[in-house]
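The residues making up each chain are set out below.
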Amino acid sequence: DTAVSQTPKYLVTQMGNDKSIKCEQNLGHDTMYWYKQDSKKFLKIMFSYNNKELIINETVPNRFSPKSPDKAHLNLHINSLELGDSAVYFCASSQDPPSGNVETQYFGPGTRLLVL
Amino acid sequence: GQNIDQPTEMTATEGAIVQINCTYQTSGFNGLFWYQQHAGEAPTFLSYNVLDGLEEKGRFSSFLSRSKGYSYLLLKELQMKDSASYLCAVRAGSNDYKLSFGAGTTVTVRA
């Protein structure tokens, strides 16, 4: 069974369109993330939710809106897509660690977005 | 902001050893992670250091010196399948789980 899954795997769309990417984890984790990896392979955090509550919101255009219907799902909606949005978007999840410990993050397979 | 530096590329021969260095300057420190990412795939967790010293896991070891803001990942007995990008990531905060990643080091293993 896939631990962290994303759909779609590939997304090709026109500038100006609105699109959504979905993420689901079956690990029972409390925290989920969205990362963007650009053409230079830099992986940057965008958002993080803990038990459906937004806890990390980096400097991301407000065209990007995350939604967490429950702690197993974190979706990303992008309005008015721009050329610069072309990248690979990774979802990840982790468990709330015991106090003083750190828990690793598990990544989904990525969604390759190409804006034309 | 957080600054995490690692070399862009390294090449080594099958069976050899390669050491990938990572230096960091962050607002805080609460752990350093190494991830492996094969081309077109997701990053996968390799190792975690929060105290100074060496952590060994089979052919892979990771070292941390907090006073120097320095870590390395050591890959021994290199295999062709080790050709990948290796990402150094630091968790700077204590109240959130945000990881700041370096740009990654692409390791190419040659026969």
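Structure's up top.
All values reported here derive from a predicted model rather than from experimental measurement.

Enquirer: So what's going on with the overall build of chain A? Residues and values would help.
Expert: Check the secondary structure of chain A and you find zero helices and eleven strands. If you list the helices and strands of chain A from N to C, you get β-β-β-β-β-β-β-β-β-β-β. Principal axes of the C-alpha set define a box for chain A whose edges measure 45 × 30 × 30 Å. Burial analysis of chain A (116 residues in total) assigns 44% to the buried set. Taking the contacts inside chain A whose residues are at least 6 apart along the sequence as the reference set, 56% of them involve residues at least 24 apart. Just so you have it, chain A exposes about 5800 Å², and 49% of that area is on carbon and sulfur atoms. Computed over 12 positive and 12 negative side-chain charges, the separation of the two mean positions in chain A equals 8 Å.

Enquirer: I'd like to hear about the packing of aromatic side chains, residue by residue, with values.
Expert: For the structure on display, the rule yields 16 aromatic pairs over all chains. With centroids separated by 6.2 Å and ring planes inclined at 35°, the aromatic side chains of Y33(A) and Y35(A) adopt a geometry described as tilted. Y33(A) sits in the buried class, given a relative accessible area of 0%. Geometrically, the ring pair formed by Y24(B) and F29(B) is stacked, given 5.1 Å between the ring centres and 15° between the ring planes. Judged by relative accessible area, Y24(B) falls into the buried class, the value being 9%. Through successive ring pairs, a cluster of aromatic residues spans Y33(A), Y35(A), F90(A), F107(A), F33(B), Y35(B), F45(B), Y48(B) and F101(B).

Enquirer: Could you give me a rundown of the nonpolar core, with the residues and numbers involved?
Expert: Grouped together as the largest cluster of nonpolar side chains are 20 residues, with contacts concentrated most on I20(B), L32(B), W34(B), L73(B), L75(B) and Y86(B). Of all the elements in the fold, those that place two or more residues in this core are strand 3 (18–25), strand 4 (32–37), strand 7 (60–65), strand 8 (70–75), strand 9 (84–91) and strand 11 (105–110) of chain B. Listed in part, the 19 residues of the second largest apolar core include F47(A), L81(A), A87(A) and Y89(A).

Enquirer: Lay out the layout of surface pockets in plain terms, naming residues and giving numbers.
Expert: Space inside the largest pocket adds up to approximately 530 Å³. Listed by contribution, the elements that provide at least two residues to the lining of the largest pocket are strand 5 (43–50) of chain A together with strand 1 (3–5) and strand 10 (99–101) of chain B. Within the lining of the largest pocket, the residues separate by chemical class into ten nonpolar, five polar and six charged. In this structure, the second largest pocket encloses a volume near 430 Å³.

Scoring rules and cut-offs
Residues numbered from 1 in each chain as written. Chains lettered and ligands numbered in written order. Predicted model: local features only at pLDDT ≥ 70, side-chain atom pairs only at ≥ 80, totals over all residues. Heavy atoms only, no water. Helix = DSSP H or I, 4+ residues; strand = E, 2+ residues; numbered from the N terminus. Buried < 20%, exposed > 50% of the residue type's maximum accessible area, 1.4 Å probe, protein only. Contact = heavy atoms within 4.5 Å. Areas by Shrake-Rupley, 256 points an atom, 1.4 Å probe, with all protein chains shown as cover. Lys, Arg positive; Asp, Glu negative; His and termini not counted. Charge placed at Lys NZ, Arg CZ, Asp CG, Glu CD. Phe/Tyr/Trp six-rings, centres within 6.5 Å; stacked < 30°, edge-to-face > 60°. Core = buried A, V, L, I, M, F, W, Y, C linked by side-chain atoms within 4.5 Å. 1 Å grid on protein atoms, 1.4 Å probe; cavity = no way out; pocket = protein on both sides within 12 Å on 5 of 7 lines; lining within 4 Å. Points joined across faces, edges and corners; volume = space filled by probe spheres on them. Nonpolar A, V, L, I, M, F, W, Y, C, P; charged D, E, K, R; others polar.

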